[in-house]
Amino acid sequence: EPITVTATLSGSSTVSGQLVTFSSTLGAFSPASGTALTNDSGVADITLTAGDVRGAGIITASLTTGEQATIGFTTQGDDIGVVGDINITLALIDSDGNATETITTSKPGKVIAQINGISSAVIVTFTTTVGDIPIPTAITNDSHTASVDIIANGSLGAGTITASIASGETGEVLLVVGSSSVTMG
């Protein structure tokens, strides 16, 4: 499982907005650039994944002024296949495969999560604030997508569908659960 590497800048009058460049002898960073800016407290965070080589490594955090700090670590080399920055994009489609923002009792939808930055299969967990997702988890396929069905289930209104993976990344899409009416005569 990925870890968060934290570098804290101290002893400087300007701690916010400083560029920290991380490097490592093992594993892979997300973002892949290996860079992060310090926050108002002088803290810069970056995610380090296990990589595919087991062993001990060294992480170095460097400032543009030349100061640097190092720390040792060990990894099992059991990476989930991170190949860059990890992100999730979501789409809501109707039963005909067309993009939509609205589902109804008579027209359910499907939520498709595209997982970018991971080359191996992962479990995606879906939640919604309106409507119902009967089976809330799915595994990504060879195209790095996972999908679940969403139904109105009697609720109406606007809401958010969220997809998340074990490493903490999430994606969201908005939806409306409307009513379907039948007119006779």
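Everything numeric here is computed off the predicted structure, so don't read it as measured data. (Residues numbered from 1 in each chain as written. Predicted model: local features only at pLDDT ≥ 70, side-chain atom pairs only at ≥ 80, totals over all residues. Heavy atoms only, no water.)

## Regarding the layout of surface pockets
- Empty space within the largest pocket amounts to approximately 390 Å³.
- Lining the largest pocket are 25 residues, with Thr 8, Leu 9, Ala 61, Leu 63 and Glu 67 positioned closest to its centre.
- If you list the elements that add at least two residues to the lining of the largest pocket, you get strand 1 (3-8), strand 2 (19-24), strand 6 (55-63) and strand 7 (68-75).
- Classifying every residue of the lining of the largest pocket by side-chain character gives eleven nonpolar, 13 polar and one charged. (1 Å grid on protein atoms, 1.4 Å probe; cavity = no way out; pocket = protein on both sides within 12 Å on 5 of 7 lines; lining within 4 Å. Points joined across faces, edges and corners; volume = space filled by probe spheres on them. Helix = DSSP H or I, 4+ residues; strand = E, 2+ residues; numbered from the N terminus. Nonpolar A, V, L, I, M, F, W, Y, C, P; charged D, E, K, R; others polar.)

## Things to note about the pattern of salt bridges
- Under the counting rule described, the total for this entry stands at one salt bridge.
- Close ionic contact of Lys 110 with Asp 149 constitutes a salt bridge, the shortest N to O distance being 3.2 Å. Residue Lys 110 is located in strand 10 (residues 109-118), and its partner Asp 149 is located in strand 13 (residues 145-150); the two are separated by 39 residues in the primary sequence.
- We classify Lys 110 as partly exposed; its relative accessible area is 31%.
- Given the relative accessible area of 43%, Asp 149 is considered partly exposed. (Salt bridge = Lys/Arg side-chain N within 4 Å of Asp/Glu carboxyl O. Buried < 20%, exposed > 50% of the residue type's maximum accessible area, 1.4 Å probe, protein only.)

## Some thoughts on the sheet that holds strand 7
- Ordered in space as 4-2-6-7, the four strands form an open sheet in which the pairing is antiparallel. The strands lining the two open edges of the sheet, one partner per strand, are strand 4 (35-37) and strand 7. Between one strand axis and the next, the sheet turns by 25° as a mean value, whatever way the strands run.
- With five bridges joining them, strand 2 and strand 6 adopt antiparallel strand pairing. (Pairing = 2+ DSSP bridges. Axes fitted to C-alpha atoms, helices over the stretch in contact; angles between N-to-C directions.)

## Regarding the pairing of strand 14 (residues 157-164)
- With four bridges connecting them, strand 11 (residues 123-128) and strand 14 associate as antiparallel partners. Within strand 14, the position partnered with Phe 126 by the bridge is Ala 163.
- In this structure, strand 14 lies alongside strand 15 (residues 170-177), joined through eight bridges in antiparallel fashion. By the bridge assignment for strand 15, Thr 160 is matched with Leu 174.
- Taken together, strand 14 and the strand that follows it, strand 15, pair antiparallel across an intervening segment of five residues, in which Gly 168 is found at a positive phi of about 105°.

## Considering the environment of Pro 2
- Topologically, Pro 2 is positioned in the segment before strand 1.
- Sequence-wise, Pro 2 and Ala 166 are 164 residues apart; in three dimensions their C-alpha atoms are separated by 9.3 Å.
- Residue contacts for Pro 2: discarding those within four places in its chain leaves Thr 47, Leu 48, Thr 49 and Ser 167. (Contact = heavy atoms within 4.5 Å.)

## As for unusual backbone geometry
- The omega torsion of the bond from Ser 30 to Pro 31 falls at 10°, within 30 degrees of zero and hence cis.
- Topologically, Pro 31 is positioned in the loop between strand 3 (28-30) and strand 4.
- Even without glycine at this site, His 144 takes up a positive phi of about 65°.
- Structurally, His 144 can be placed in the loop between strand 12 (137-139) and strand 13.
- For His 144, a relative accessible area of 25% gives the class partly exposed.

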